[in-house]
Amino acid sequence: MQSSLKHLVPPPVRKALKNSQGAILDLIDAARGLDVPPRRLRGFVGDGDFTATGEQHLRYFIEYGKLRPEHKVLDVGCGIGRMALPLTRYLSAQGEYYGFDPTAKSVQWCNEHITSRFPNFHFELADLHNEFYSPSGKYRPENFRFPYEDSSFDFVFLTSVFTHLFPDALKNYFSEVGRVLRPGGRSFITYFLLNPDSLALTSEGKSSLNFAHQLKDCWTAYPGNPEGALAFDESEIRSLYREGAMRIEALQYGKWCGREHGYGGFQDIIIGLKE
């Protein structure tokens, strides 16, 4: 529909048309044999090809995080299973997957479509407050305790989570990751890291995100919706690893700031090792 004609169509009709388009695309996905959530849920995880992004991160988990098929894995902010689905083909019967998320519809879909076929995959609804996903949530992220015992996991990953958490929440989650990791276990966490290289590229206009708005101990690219994208000083993040239960084993810089070298992914990755 041409944008110049949108004002002629009542909002309920526009919504119905959009839903119809989504339903048709869902049928096309099914005909292509794609085992993916419906389009109305995939919108929660942002841009990019749903399946390709999951497959790409599985490669990163194995190559950089040294993930093995028999590992017990925790997915913090599991969403609608974008990372879980490729892991169903990689984790063995001895491996286990756990994920939690504050979005009820996402967790329900994962339980109905993933756990029903892979009983070693577990999804849990977290009653967390989030301005966008769950504004009525009971627990604040800066006080939330992961619902798992100490030293429970071999591998914990957070993809596009710390890029949306304010400093107090980030520090709490970081501590919780260290708590639930077993000695010798690894964390895989993505960030937007501010350092001389990323700042120089941003000043040259090469970055896709401009973290020009400083908040308390972090920067945002969207002052009207600060949690939409948050960046942190790399030196401050490094200090968390020095002072916490994990040390930095590897760091891979992403291309979000226009960087031409690096591992090729969008966000920066830090692999933490619990000793």
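Look up a bit, the structure's there.
Below is a short write-up of the structure. Just so it is clear, the structure is predicted and the values come from calculations on it, not from any experiment. All residue numbers here refer to positions counted from 1 along the written sequence of the relevant chain. Totals for whole chains, interfaces and linings use every residue, but because this is a predicted model, local features are given only for residues with pLDDT of at least 70 and side-chain atom pairs only at 80 or more, for both listing and counting. Side-chain measures here rest on the full set of heavy atoms in the structure, leaving out hydrogens and waters.

1. As for the sheet that holds strand β8 (residues 218-220)
Our working definition: Here, any two strands with at least 2 DSSP bridges between them count as paired. Here a strand is any run of E in DSSP of at least two residues, a helix any run of H or I of at least four, and the numbering for each starts at the N terminus. Note on definitions: a residue-residue contact is assigned when non-hydrogen atoms from the two residues lie within 4.5 Å. For every element, the axis is a line fit to its C-alpha atoms; helices are fit only across the contacting stretch, and the angle between N-to-C directions ranges from 0 to 180 degrees.
Across the sheet, which stays open at both edges, the four strands sit in the order β6-β9-β8-β7 with mixed pairing between neighbours. Across the chains shown, the open sheet's two edge strands, defined by having one partner strand only, are β6 (193-194) and β7 (213-215). As defined by bridge partners, β7 adjoins β8 across three bridges and the pair is classed as antiparallel. From the neighbouring strand, Leu215 faces β8, where its bridge partner is Cys218. The strands that helix α8 (residues 234-243) touches are β6 and β9 (230-233); relative to β9, the one it contacts most, it runs at about 75°.

2. Some thoughts on a negative patch on the surface
In plain terms, the rule: Excluding any residue in a salt bridge, patches collect residues exceeding 30% relative accessible area, merging like charges within 9 Å and nonpolar Val, Leu, Ile, Met, Phe, Trp and Tyr side chains within 5 Å. Every accessible area reported is derived by Shrake-Rupley at a probe size of 1.4 Å, with residue values counting cover from the shown protein chains alone. Here, a salt bridge means any Lys or Arg side-chain nitrogen found within 4 Å of an Asp or Glu carboxyl oxygen. Charge assignment: positive for Lys and Arg, negative for Asp and Glu; neither His nor the chain ends contribute. A charge is said to be at NZ when it belongs to Lys, at CZ for Arg, at CG for Asp and at CD for Glu. Only protein chains enter the accessibility calculation, which uses a 1.4 Å probe; a residue whose area is less than 20% of its type maximum is buried, one above 50% is exposed, and one in between is partly exposed.
A cluster of like negative charges, contributed by Asp168, Asp217, Glu236 and Glu243, occupies part of the molecular surface. In this structure, Glu236 sits in helix α8. Note on Glu236: relative accessible area 52%, which makes it exposed.

3. What about the pattern of salt bridges?
Between side chains of opposite charge, a pair can form when the charged atoms approach closely. For the coordinates displayed, the defined rule picks out 14 salt bridges. For Arg179, the salt bridge goes to Glu176, with nearest N and O atoms at 2.7 Å. Linking Arg179 with Glu176, this pair stays in helix α6 (residues 167-180), spanning three residues, or about one helical turn. Under the relative-accessibility criterion, Arg179 is labelled buried at 14%. For Glu176, a relative accessible area of 7% translates into the label buried.

4. Concerning α6
Filter applied, for reference: Every helix has an expected span of 1.5 Å times one less than the residues it contains.
In this model, α6 (14 residues) spans 20 Å end to end at C-alpha, consistent with the 20 Å of a helix rising 1.5 Å per residue. Burial in α6 covers these residues: Pro167, Ala169, Leu170, Asn172, Tyr173, Phe174, Glu176, Val177, Gly178, Arg179 and Val180.

5. Let's talk about the environment of Leu199
Take Leu199: it is sitting in helix α7 (residues 196-203). Of the residues examined, Leu199 reaches a relative accessible area of 47% and is grouped as partly exposed. With 13 residues separating them in the primary sequence, Leu199 and Ala212 have C-alpha atoms 9.9 Å apart.

6. Examining the sheet that holds strand β2 (residues 96-101)
Taken in spatial order, the seven strands line up as β3-β2-β1-β4-β5-β11-β10 in an open sheet, and their pairing is mixed. If you trace the sheet from one side to the other, it starts and ends with β3 (121-125) and β10 (246-252), each paired once. Strand-to-strand twist in this sheet, taken as the mean axis angle between neighbours without regard to direction, amounts to 15°. The sheet contact formed by β2 and β3 spans five bridges and is parallel. Bridge assignment links Asp101 to a residue of β3, and that residue is Leu125. Together, β4 (153-158), β5 (181-191) and β11 (268-274) form the strand contacts of helix α3 (residues 50-63), whose direction differs from that of β5 by roughly 140°. Of the strands in this sheet, β1 (72-76), β4, β5, β10 and β11 are in contact with α6, which crosses β5 at around 150°.

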